[in-house]
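# Structural features, examined
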Amino acid sequence: GQQVMQIPQYQHVQEGEDFTTYCNSSTTLSNIQWYKQRPGGHPVFLIQLVKSGEVKKQKRLTFQFGEAKKNSSLHITATQTTDVGTYFCAEGNTGKLIFGQGTTLQVKP
Amino acid sequence: EAGVAQSPRYKIIEKRQSVAFWCNPISGHATLYWYQQILGQGPKLLIQFQNNGVVDDSQLPKDRFSAERLKGVDSTLKIQPAKLEDSAVYLCASSLGQGRETQYFGPGTRLLVL
């Protein structure tokens, strides 16, 4: 079945450093959604990418969808302690979301 | 607007016991989902309802898990009997419709099976 692989599994950065997580699939993705889950919390929707090569920005967060629609990335510029959490990509087509394993971000103040 | 409500928030049971979780989706959301999230993993869909009909339950272990959404609003997920490997967070989510709709997650129920 459809699988999305996410790397890295963990990332520790110093506050102010940049952070990137990558999501890859062996098959073409219809769309990619990104979620953030704070420690002890629930997934919160960040954004959805649908078009090949699409780039969207939310303040310090930049989301990209690959030209072949087989990969996606989330880049955070100048991390802050509030960015701590696990970031998931998920492929969704008919509503069924298939989540990656997530990348857990720790930010040292 | 109220979010997705779930109860209980925490539950500890012994293996072979039964447990039930309740979910109240966002008002007007036709689609309701139950996910299982094991520690260190992403959520895995167990079952998806569209109104009171099941759309996808392919990953629901039907020998022990059951779910219903009789009136197309609230939903319950039951495990009977529970196994140690059922220890996880059970997340309920809802969306306006199917397809690429944004899913809104509830706070989850943390289940520990001893």
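In what follows, the accompanying structure is described. This is a predicted model, so every value here is computed, not measured.

### Regarding the packing of aromatic side chains
Residue and element names in this part refer to chain A.
- A full pass over the atoms with the stated rule returns 11 aromatic pairs over all chains.
- Relative to F45, the ring of Y35 has its centre 5.7 Å away and its plane inclined at 75°; by these criteria the two rings are edge-to-face. Residue Y35 is found in strand β4 (residues 32-37), and its partner F45 is found in strand β5 (residues 44-49); the two are separated by 10 residues along the sequence.
- According to the relative accessible area criterion, Y35 is buried, its value standing at 0%.
- On the basis of relative accessible area, F45 is assigned to the partly exposed category, the value being 26%.

### Overview of the pattern of salt bridges
Residue and element names in this part refer to chain B.
- Inspection of every chain in the model, using the stated rule, returns five salt bridges over all chains.
- One salt bridge in this structure joins R64 and D86, with 2.5 Å as the shortest N-O distance. Taken together, the positions of R64 in the loop between β6 (53-56) and β7 (65-68) and D86 in the loop between β8 (75-79) and β9 (88-95) put the pair 22 residues apart, joining distant regions of the chain.
- When its relative accessible area of 11% is taken as the criterion, R64 is described as buried.
- D86 gets classed as buried once you look at its relative accessible area, which sits at 2%.

### With respect to unusual backbone geometry
- Look at the link from S7 of chain B to P8 of chain B: it is a cis peptide, with omega at -10°.
- A positive phi angle, close to 50°, is found at A78 of chain A, a residue other than glycine.
- Following the sequence through the fold, A78 of chain A ends up in the loop between β8 (71-76) and β9 (85-92).
- Positive phi is not limited to glycine here, since N51 of chain B has a value of about 55°.

### Overview of the interface of chain A and chain B
- Taken together, the 21 residues of chain A in the interface contact 23 residues of chain B.
- Note on chain A versus chain B: buried area summed over both sides is about 1,600 Å², and carbon and sulfur give 48% of it.
- Scanning the region where chain A abuts chain B turns up one salt bridge.
- For D56 of chain B, the salt bridge goes to K96 of chain A, with nearest N and O atoms at 3.6 Å.
- Taken together, the connections running from chain A to chain B amount to three residue pairs in polar contact (both at pLDDT 80 or more).
- The element that contributes the greatest number of residues to the side of chain A that touches chain B is β4 of chain A, accounting for three residues.
- Grouping the constituent residues of the side of chain A that touches chain B by class yields seven nonpolar, 13 polar and one charged.

Definitions and limits used
Residues numbered from 1 in each chain as written. Chains lettered and ligands numbered in written order. Predicted model: local features only at pLDDT ≥ 70, side-chain atom pairs only at ≥ 80, totals over all residues. Heavy atoms only, no water. Phe/Tyr/Trp six-rings, centres within 6.5 Å; stacked < 30°, edge-to-face > 60°. Helix = DSSP H or I, 4+ residues; strand = E, 2+ residues; numbered from the N terminus. Buried < 20%, exposed > 50% of the residue type's maximum accessible area, 1.4 Å probe, protein only. Salt bridge = Lys/Arg side-chain N within 4 Å of Asp/Glu carboxyl O. Contact = heavy atoms within 4.5 Å. Buried area = accessible area lost by both parts, 1.4 Å probe. Polar contact = N/O pair within 3.5 Å; in protein donor to acceptor, adjacent residues only side chain to side chain. Nonpolar A, V, L, I, M, F, W, Y, C, P; charged D, E, K, R; others polar.

None of this, on its own, says anything about what the molecule does.
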